[in-house]
There are 2 protein chains.
Amino acid sequence: MNSQTKGAASSKEGITPRSKDYSQWYLDVVKRGDLAEHSGVRGCMVIKPHGYAIWEIMQKELDFRFKETGHVNAYFPLFIPLSYFSREEKHASGFAKECAVVTHHRLKSKDGEVIVDPESELEEPLVVRPTSETIIWAQYKSWVESYRDLPLLINQWANVVRWEMRPRLFLRTAEFLWQEGHTAHSTEKEALEEAFRMLEVYADFAENVMAVPVIRGHKTPGERFAGAVDTLCIEAMMQDGKALQMGTSHYLGQNFSKSADVKFLNKEGKLEYVYATSWGVSTRLIGALIMTHSDDQGLILPPKLAPIQVIIIPIYKNDEERAKTLEESRAVLAELKSQGISARLDDRDGLMPGAKYYEWEAKGVPLRIEIGPKDIEKGSLCLARRFVLEEANETPEDLRRRRKSFLPRAEALSAVKPILETMQKELLQRARTLQKSRTQFINSLDELEKFFKAGGGFALVHWAGDTQDEEALSKRFETTIRCIPFVEELPPQARGEGKCIWTGRLTSQCVIVAAAY
Amino acid sequence: MNSQTKGAASSKEGITPRSKDYSQWYLDVVKRGDLAEHSGVRGCMVIKPHGYAIWEIMQKELDFRFKETGHVNAYFPLFIPLSYFSREEKHASGFAKECAVVTHHRLKSKDGEVIVDPESELEEPLVVRPTSETIIWAQYKSWVESYRDLPLLINQWANVVRWEMRPRLFLRTAEFLWQEGHTAHSTEKEALEEAFRMLEVYADFAENVMAVPVIRGHKTPGERFAGAVDTLCIEAMMQDGKALQMGTSHYLGQNFSKSADVKFLNKEGKLEYVYATSWGVSTRLIGALIMTHSDDQGLILPPKLAPIQVIIIPIYKNDEERAKTLEESRAVLAELKSQGISARLDDRDGLMPGAKYYEWEAKGVPLRIEIGPKDIEKGSLCLARRFVLEEANETPEDLRRRRKSFLPRAEALSAVKPILETMQKELLQRARTLQKSRTQFINSLDELEKFFKAGGGFALVHWAGDTQDEEALSKRFETTIRCIPFVEELPPQARGEGKCIWTGRLTSQCVIVAAAY
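Residues numbered from 1 in each chain as written. Chains lettered and ligands numbered in written order. Predicted model: local features only at pLDDT ≥ 70, side-chain atom pairs only at ≥ 80, totals over all residues.

### Here's the deal with the overall build of chain A
Moving on, step 1. Counting its secondary structure elements, chain A contains 15 helices and 27 strands.
Moving on, step 2. The C-alpha atoms of chain A give 26 Å as radius of gyration, which agrees with the globular expectation for 517 residues (24 Å, within 12%).
Moving on, step 3. Its C-alpha atoms give chain A principal-axis dimensions of about 80 × 70 × 50 Å.
Moving on, step 4. Looking at the 517 residues of chain A, the share that counts as buried comes to 51%. (Helix = DSSP H or I, 4+ residues; strand = E, 2+ residues; numbered from the N terminus. Rg over C-alpha atoms; globule rule 2.2 N^0.38 Å. Buried ≥ 20, exposed ≤ 12 C-beta atoms within 10 Å, placed from the backbone.)

### Comments concerning the environment of Thr-507 of chain B
Residues and elements named next belong to chain B.
Moving on, step 1. Tracing the backbone through its elements, the reader meets Thr-507 in strand 26 (residues 506–507).
Moving on, step 2. Judged by the 17 C-beta atoms lying within 10 Å of it, Thr-507 is partly exposed.
Moving on, step 3. Remark: the alpha-carbon pair of Thr-507 and Gly-465, spanning 42 residues in sequence, is separated by 9.8 Å.
Moving on, step 4. In contact with Thr-507, other than residues within four places in its own chain, are His-462, Trp-463, Ala-464, Glu-497, Gly-498 and Cys-500. (Contact = placed C-beta atoms within 7 Å.)

### Brief notes about the relation of the copies chain B and chain A
Moving on, step 1. For the pair chain B and chain A, the best superposition has an RMSD of 0.0 Å and corresponds to a rotation of 180° with a translation of 0.0 Å parallel to the axis. Viewed as a symmetry operation, the transformation between the two copies matches a two-fold axis. The C-alpha atom lying nearest the rotation axis in chain B is that of Val-102 of chain B; the distance is 2.0 Å.
Moving on, step 2. An overlap of 100% is found between the interface residues of chain B and their copies at the interface of chain A, pointing to a shared contact surface. (Least-squares fit on C-alpha atoms with pLDDT ≥ 70 in both.)

### Examining the interface of chain B and chain A
Frequently, the measure chosen for interface size is the accessible area removed from exposure when the parts meet.
Moving on, step 1. In this complex, chain B contributes 67 residues to the contact, which on the side of chain A involves 67 residues.
Moving on, step 2. The element best represented in the side of chain B that touches chain A is helix 1 (residues 2–10) of chain B, accounting for six residues.
Moving on, step 3. Looking at the side of chain B that touches chain A, its residues break down into 41 nonpolar, 16 polar and 10 charged. (Nonpolar A, V, L, I, M, F, W, Y, C, P; charged D, E, K, R; others polar.)

### So, the domain arrangement of chain A
Moving on, step 1. Domain assignment breaks chain A into domain 1 (22–90 + 130–293), domain 2 (310–419) and domain 3 (439–514).
Moving on, step 2. The C-alpha centroid of domain 3 of chain A is placed 48 Å from the C-alpha centroid of domain 2 of chain A. (Domains from an automatic or database assignment.)

### Some details on helix 13 (residues 409–437) of chain B
All names here are of chain B.
Moving on, step 1. In a regular helix each residue adds 1.5 Å, so 29 residues correspond to 42 Å; helix 13 covers 40 Å between its end C-alpha atoms and thus fits that length.
Moving on, step 2. Along helix 13, the helix axis deviates most sharply at Ala-415, where the bend reaches about 35°; the proline Pro-418 sits within four residues downstream.
Moving on, step 3. Every buried residue of helix 13 is accounted for by Ala-412, Val-416, Leu-420, Met-423, Gln-424, Leu-427, Leu-428, Ala-431 and Gln-435. (Expected span 1.5 Å × (residues − 1). Bend = angle between axes of the 7 residues up to and from the residue.)

### A word on the sheet that holds strand 22 (residues 439–441) of chain A
Moving on, step 1. What the 11 strands build is an open sheet, ordered 3-9-10-16-13-12-11-24-27-23-22 (chain A); its pairing is mixed. Bordering the open sheet on either side are strand 3 (72–73) and strand 22 of chain A, each of which pairs with just one other strand. (Pairing = 2+ DSSP bridges.)

### Brief notes about the sheet that holds strand 13 (residues 243–253) of chain B
Residues and elements named next belong to chain B.
Moving on, step 1. An order of 3-9-10-16-13-12-11-24-27-23-22 is seen for the 11 strands of this open sheet, with the pairing classed as mixed. With one partner strand each, in any of the chains shown, strand 3 (72–73) and strand 22 (439–441) form the two edges of the open sheet.
Moving on, step 2. Note that strand 10 (residues 175–185) and strand 16 (residues 275–282) share eight bridges and pair antiparallel. Bridge assignment links Trp-178 to a residue of strand 16, and that residue is Ser-282.
Moving on, step 3. Lying on the sheet, helix 6 (residues 188–208) is in contact with strand 10, strand 11 (215–218), strand 12 (230–237), strand 13 and strand 16; it crosses strand 13 at an angle near 165°. (Axes fitted to C-alpha atoms, helices over the stretch in contact; angles between N-to-C directions.)

### Looking at the environment of Ile-369 of chain A
All names here are of chain A.
Moving on, step 1. Here Ile-369 is to be found in strand 19 (residues 367–371).
Moving on, step 2. For Ile-369 and Leu-345, which are 24 residues apart along the polypeptide, the C-alpha to C-alpha distance reads 9.4 Å.
Moving on, step 3. Setting aside residues up to four positions removed in sequence, Ile-369 forms contacts with Val-310, Ile-312, Val-332, Leu-381, Cys-382 and Leu-383.

### A short note on the pairing of strand 19 of chain A
Residue and element names in this part refer to chain A.
Moving on, step 1. Of all five residues in strand 19, five are buried, a share of seventy percent or more.
Moving on, step 2. Of the two faces of strand 19, both are covered, the one formed by Leu-367, Ile-369 and Ile-371 as well as the one formed by Arg-368 and Glu-370.
Moving on, step 3. Sheet analysis places strand 17 (residues 310–314) next to strand 19, joined by five bridges and oriented parallel. Following the sheet pairing, Ile-313 is matched in strand 19 by Glu-370.
Moving on, step 4. Of the pairings in the sheet, the one linking strand 19 to strand 20 (residues 380–385) comprises four bridges and is antiparallel in character.

### Some words on the environment of Leu-150 of chain A
All names here are of chain A.
Moving on, step 1. Along the polypeptide, Leu-150 turns up in the loop between helix 5 (133–140) and strand 9 (152–161).
Moving on, step 2. By the C-beta count within 10 Å, which is 24 here, Leu-150 ends up buried.
Moving on, step 3. On a C-alpha basis, the gap between Leu-150 and Leu-305 in space is 35 Å, while along the polypeptide they are 155 residues apart.

### Considerations on unusual backbone geometry
Residues and elements named next belong to chain A.
Moving on, step 1. With an omega dihedral of -5°, the bond running from Leu-150 to Pro-151 counts as a cis peptide bond.
Moving on, step 2. In this structure, Asp-261 takes a positive phi of about 60° despite not being glycine.
Moving on, step 3. Position of Asp-261 among the secondary structure elements: in the loop between helix 7 (255–259) and strand 14 (263–265).

### Some words on the pairing of strand 16 (residues 275–282) of chain A
Moving on, step 1. Here strand 16 of chain A lies mainly inside the structure; eight of its eight residues are buried.
Moving on, step 2. Of the two faces of strand 16 of chain A, the one carrying Tyr-275, Thr-277, Trp-279 and Val-281 of chain A and the one carrying Ala-276, Ser-278, Gly-280 and Ser-282 of chain A are both buried.

Right, here's the structure in full:
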């Protein structure tokens, strides 16, 4: 437990309000929540135990969904021979730039210092994987002979490295953790279905576990993954109105199977190149989680992702009270655990209850139970929610009051699960309300300019431009085209034909323009 | 499912018998079991889905035990700045030699080829972690101020790289997967207790999950982890009598806290260096698993580590029989699953039952259920065990017969769990019998020579030599001193005083000498 608490317990700094400095607020939430920190290696972060525990729950939830949809896990090498990058031309030119390159394989001691042995230079440099398409497809070559060997439905949990000049904890780090699915199919139809299926898995996870509403769509050609025929994505809106890409699912066609020469004998006895997909989400999701839900008191976690759902805090002034409240706290802990709730008792001595409240609030624990001598006398418990949905015309005082309830013991214990379920739902609801309120259908450049000057959000615009037009638009507004949403994601006025906001050409294609992380 | 079966299904090669070529037998078992294969990167393996599924169960079992003993997981950077290696002198000189070194951070295209951008050279080379003590202790410096911040009980699941000139799948690979625990304590006593506790966790896992009996002991000073005060280990005997180190737990004293300058304010208000441990096991355990249990038909998995515990194979000659046996197979599958058994139905068409038996045997599935039209008529099931313990004076025919039983349906279904439990126990029993039969207390060099000429095993000898003596002994017999077993691991004649087999000096220390992987 100490290992999880130290950072926050000893840190007395507060959290910069969002209204004052959103970027600093984010860093403060990460720090006070004891989630991660920078290391001595430029761009590489340390994921601290509380942050890692959130990632473990994400992994478990995602892995379950991957297996339910027929996938298995495997592990491929960290290193990719440099020559592999020359194989898929678009992939090489579009993607593989900022990579860590291994050139030597031995250290030696010299005058008490450790140096790189110059005689250990590798014949061929090895690139630390920025993504694994090239090495995995080199391997698939020997795995596939006929249609009977397909599909290959494989996922890998791994670390990857992309050199980053402007690192930002969770959002952009040189090394990050992720999963990457790499599948092989005998038909285009099946591969496309797979790419869409996995996007739905991501969307379901984002909305129903992370409580983050997302827009499903296609990337424009200019924003596609290098080597993909089509890139599908889910985009979420953060509290400041900026977009964050949460996950991508690529239909790769036969691009990688051709460059790795992976053919199969189809049912008609003819050799054909295999069809492929790849899809991934990363520790970046933790950044999205923070920026969607948290407030000026720190992290807010949806109960389904909270390593600790309920923290129990005994309140006492002397040894006698201590014994009494600890006994009751342990009893409450046991009862919650028997309900399958992840609860913990903070029985640390020498810390005032207020300091404990402050610490667990900053760590996003959804529910606090306070147990003092008077509560025991009355046979009641005090439940303090980390989050309740604000009501119209509510005073801050009313809101504060609604966060706390004093209930008879039995009632309180059976209220915990429903409270957590409500919180899970209301977090999604709040985020959805924000997203809706800051999404606007816009049909002129003037209006678009006003929209972004007024704070921005998701602008829905008709679009028929090419990649150059897209670059010009992006430059003008310091935004990007986030995606071409699936039609069912669009409000009625954005469906159907309209004039492209840039070229004026008639088009039925609508895109989201937004500033992004 | 295809992704798990292809390698074996399409491979028609057999398995070299152990008696003919043990090394080739090992490689054949790995290949036919579809566990792993070499990649295009020297020394780096691909862990295939079936092999990775075994690792996932190992991870789950170990992670549960780590958390039960109070540990939490975290994640530290893959890269370690070169200068960190100069900090802990013994660690640097004894350990950090064969490492992958990153020297550049960018690729670029030149004449259609991808090359390393010479202008992207790093100011300080980065070493891909061979183990993480140096980088983790650099981080702990800011996490520890007072005894209240201790202990830190942190584990990391990660990939590590140690350049290997003679790679061997699972046993020695340049990159491998492992866990590394790194703990910090306020007293020597507590740190020592932790090192012993984690060794017991490993021993419990080895014996009660892997069914591999182990000897607990200390490494000699010459075999200690570089930077450790004491290295504890568990050693197992493979079927060929050679030793394999399964896991180590190090008491590091204050060596790493001194080199990283990690001090804490103790209860007396004085600054003191922190006491440390580290401990790890790796994918090497899969090599140990294979070499302990498997036979000339391929892999044998203890049921607790089997991704598939029961495989159901319908037997039919025509469509009508197919429909009937598939229906019954599905019913049996559902009943086994409801018992919490990991069962699977092999309903692939166009493969003869014999080919399926052969494939799942090679993959180590503990129990096969065959369902043919006659079984359905009779209301019975055929259970075929992958392994039964051989009885004294049993003919191969008798043994074969005992592996198969035909039982009335209800009886068969309730027999599955007990059969799996018995197999788990008997695998441990068989391995323990082998280990005992090939462990011998020896008190002269002549006898030792005879022992190793006759095939060897674990030689227990009194030992009072120093590191130079140890090297000479190792050279003479092509063995190493595996460990100084805890006294409770020793047979009565090896306890108490005796003459050192090398120096002739009286000593109460007994060691295990053996050839090793």
